[in-house]
Amino acid sequence: MGGGDASSSEIVIVGGGAVGCGVAYSLARAGKTDVLVLEREPSVAASTTSRAAGLVGQVRTTVERTRLAMSSVQTFSGLEEETGVSPGWRQVGSLRLALTDERVAEFERMKAVADEADLRVEWLDRDRAARMWPGDFSRVAAVLWCPTDGHVQPYDLTMAYCKYARDRGARVATGVTVREVVVRGGRVVGVETDRGRVDCDVVVNAAGAHAYHVARSAGLELPIVPVRHEFFVTVDVPGMKPDLPVVRIPDSTLYLRAEVNALLVGGWEPRSLSADPRAYDLEAVPEIDDDWDVLAGFGDLLAPEFPAVREAGIRSVFKGWPTFTPDGKFIVGESSRVRGFVMAGGCNAHGVSGSAGIGRHVVESMLESEPSEYVRSLSPDRFDGVAWDWESARREAQRRYERYYAVE
């Protein structure tokens with residue numbers, strides 16, 4: 001997918017990751033075809049999206065978040081038929097393991113939410129779970145099974161979104177850096193890029209770790225905090241097969257799945273590392289070194305449930321800067337202060353898995369005269385003009401990351 005030039009478009013989407021291309025897909029489904037996606041990398045899905053594990057879980061703590069995840073799964077399941085391009089969607093189901101009584105109680109609350117959202121989940125005994133995953137379930141107090149969960153290949157998903165949108169008139173230009181959102185009289189009139197100006201009526205900010213900078217160029221200061229996240233893939237491990245379910249062990253802050261013949265293991269760090277977006281610009285993002293102490297810690301935490309991890313060498317390490325917000329909610333919708341400036345950021349590590357649902361929320365916020373109360377609650381206005389400081393915002397965003405699996 002090469003670069004391209006365009007002097008005008010009704011809607012410009014800044015960011016060619018899963019979220020930006022998911023928004024283009026949703027806009028195309030809504031009949032909006034004069035859309036231009038701008039991505040600074042040579043290819044779509046080359047930044048944070050390429051460093052995602054691609055897990056798709058629907059069991060959440062609120063009905064709204066559960067339904068958002070369910071809508072994404074519905075989209076993933078139909079994308080290949082719609083586009084002729086496989087999104088790499090594997091609906092293998094997921095096992096959620098509880099090791100403590102407190103976690104069992106949380107699972108009971110989550111199952112009640114799932115039941116209200118009409119998401120099928122069920123309890124499994126340890127013997128049945130052990131037949132589904134080659135691990136040691138002796139410490140496990142409860143297992144919650146969701147058969148419609150799975151995982152997706154982030155690059156393939158993004159390409160499928162692009163195919164659908166481009167077939168309906170959208171354009172995608174890679175190797176193009178947006179330098180500024182042009183605002184006149186309180187509304188968006190275009191974007192300045194390293195290829196020249198593009199006139200437009202609407203800018204959708206889906207720039208990931210650069211979403212802060214794009215918003216700032218439009219005159220909005222939003223607490224979008226990049227927080228480091230890492231996972232590793234082992235060398236070949238006996239018993240790993242592509243049809244194995246995803247496994248989550250919240251008490252150990254871990255998730256895992258089969259990756260071809262290997263094991264993918266990720267986790268949420270108890271002492272997270274964030275980047276201050278004020279310290280870098282649109283041209284770069286801070287490098288991340290492999291943190292072998294953290295990665296080894298993931299292996300130690302997993303060993304009781306999967307002893308083979310102790311002998312498995314690490315083949316690859318993936319790390320990126322997913323963005324978090326102080327309140328743990330997406331930032332979606334149009335700014336009331338800068339008309340035509342629409343946010344699709346602060347995804348709190350749900351950019352890939354939630355991309356289809358986020359795209360629908362963006363479209364709802366843009367095109368519906370009365371968006372739902374939930375979508376209205378995601379507005380960037382909740383931070384704009386409200387007293388907050390960067391140090392507090394950064395601390396709260398990191399806390400959201402560190403407590404991702406915490407029992408509330």
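This one's a predicted model, so the numbers in the text were calculated from it and none came from an experiment.

Asker: Mind showing me how you'd approach the packing of helix α2 (residues 63–83) against helix α5 (residues 154–167) here?
Answerer: If you want to describe how two helices pack, look at the angle between their axes and the distance between the axes. The N-to-C vectors of α2 and α5 enclose an angle of 50°; their axes lie 10 Å apart at closest approach. Between α2 and α5, the interaxial angle falls into the category oblique. Along this stretch, α2 crosses α5, giving a crossing that reads as left-handed. Residue-level inspection shows T75, F76, L79, E82 and T83 of α2 in contact with α5, the latter providing L157, A160, Y161, K163 and Y164. A class-by-class count of the residues in the contact of α2 with α5 yields six nonpolar, two polar and two charged.

Asker: Looking at this structure, I do not really get the pattern of salt bridges. What am I missing?
Answerer: It is possible for side chains bearing opposite charge to pair when their charged atoms get close. The final tally for this structure, using the stated rule, is 25 salt bridges. Note that R103 and E106 form a salt bridge whose closest N and O atoms lie 2.9 Å from each other. Here R103 pairs with E106, and both are found in helix α3 (residues 101–116), just three residues apart, close to one helical turn. Considered together, R103 and E106 belong to a single accessibility category, that of buried residues. Bridged by salt links that share partners, the residues R228, E230, E269 and D291 form one connected network.

Asker: Just checking my understanding: could you explain the confidence of the model for the protein chain for this structure?
Answerer: Should the pLDDT be low somewhere, the predicted coordinates at that spot are not to be read in detail. Averaged over all residues, the pLDDT of the protein chain equals 95, while 99% of them reach at least 70. Overall, residues 1–5 carries pLDDT values under 50, and its contacts beyond four positions in sequence, including any with other chains, amount to 17 contacts.

Asker: Help me out: how do you make sense of the nonpolar core in this one?
Answerer: Soluble globular proteins tend to pack their nonpolar side chains together in the buried interior. V12, L38, V181, V191, V203, Y255 and F341 are the most contacted members of the largest nonpolar core, which has 45 residues in total. The element that contributes the greatest number of residues to this core is helix α6 (residues 211–217), accounting for four residues. Y25, W89, V202 and V352 belong to the second-largest nonpolar core, a separate cluster that totals 44 residues.

Asker: Any chance you could explain helix α7 (residues 292–302) here in plain terms?
Answerer: Of all the positions in α7, only V294, L295, F298, G299 and L302 are classed as buried. Viewed along the axis of α7, the buried residues span an arc of 145°, placing them on a single side of the element. What points out from α7, more than 90 degrees from its buried face, is the exposed set D293 and D300. If you follow the buried residues of α7, they end up packed against β14 (229–234), β15 (246–249), β16 (254–259), β17 (262–267) and β18 (314–320).

Asker: Help me out: how do you make sense of unusual backbone geometry in this one?
Answerer: For residues that are not glycine, phi is negative in most cases, and the peptide bond is trans in most cases. If you check the backbone angles, A45 has positive phi at about 55° while not being a glycine. Following the sequence through the fold, A45 ends up in the loop between β2 (35–39) and β3 (55–56). Even without glycine at this site, D118 takes up a positive phi of about 65°. The topology assignment puts D118 in the loop between α3 and β5 (122–124).

Asker: Would you mind showing me how to read the sheet that holds β18 here?
Answerer: Two orientations exist for strands paired in a sheet by backbone hydrogen bonds: parallel and antiparallel. Pairing in this open sheet of eight strands is mixed, and the strands run β5-β6-β4-β15-β16-β17-β14-β18 from one edge to the other. Looking at which strands have only one partner, the edges of the open sheet turn out to be β5 and β18. Averaged over all neighbouring strand pairs, the angle between strand axes comes to 25°, with direction disregarded. As paired elements, β5 and strand β6 (residues 142–146) share three bridges and run antiparallel to each other. Opposite E122, over in β6, you have W145 as the bridge partner. Contacting β4 (94–98), β5 and β6, α3 runs over the sheet at an angle of about 140° to β4.

Asker: Would you mind showing me how to read the environment of V172 here?
Answerer: Structurally, V172 can be placed in strand β8 (residues 171–174). You can call V172 buried: its relative accessible area is 11%. Along the sequence, V172 and V140 sit 32 residues apart, while their C-alpha atoms lie 47 Å from each other.

Cut-offs and rules
- Residues numbered from 1 in each chain as written.
- Predicted model: local features only at pLDDT ≥ 70, side-chain atom pairs only at ≥ 80, totals over all residues.
- Heavy atoms only, no water.
- Axes fitted to C-alpha atoms, helices over the stretch in contact; angles between N-to-C directions.
- Helix = DSSP H or I, 4+ residues; strand = E, 2+ residues; numbered from the N terminus.
- Parallel < 35°, antiparallel > 145°, perpendicular 65-115°, else oblique.
- Left-handed = near helix turned anticlockwise from the far one by under 90°.
- Contact = heavy atoms within 4.5 Å.
- Nonpolar A, V, L, I, M, F, W, Y, C, P; charged D, E, K, R; others polar.
- Salt bridge = Lys/Arg side-chain N within 4 Å of Asp/Glu carboxyl O.
- Buried < 20%, exposed > 50% of the residue type's maximum accessible area, 1.4 Å probe, protein only.
- pLDDT = per-residue confidence, 0-100.
- Core = buried A, V, L, I, M, F, W, Y, C linked by side-chain atoms within 4.5 Å.
- Arc of directions from axis to C-beta.
- Pairing = 2+ DSSP bridges.

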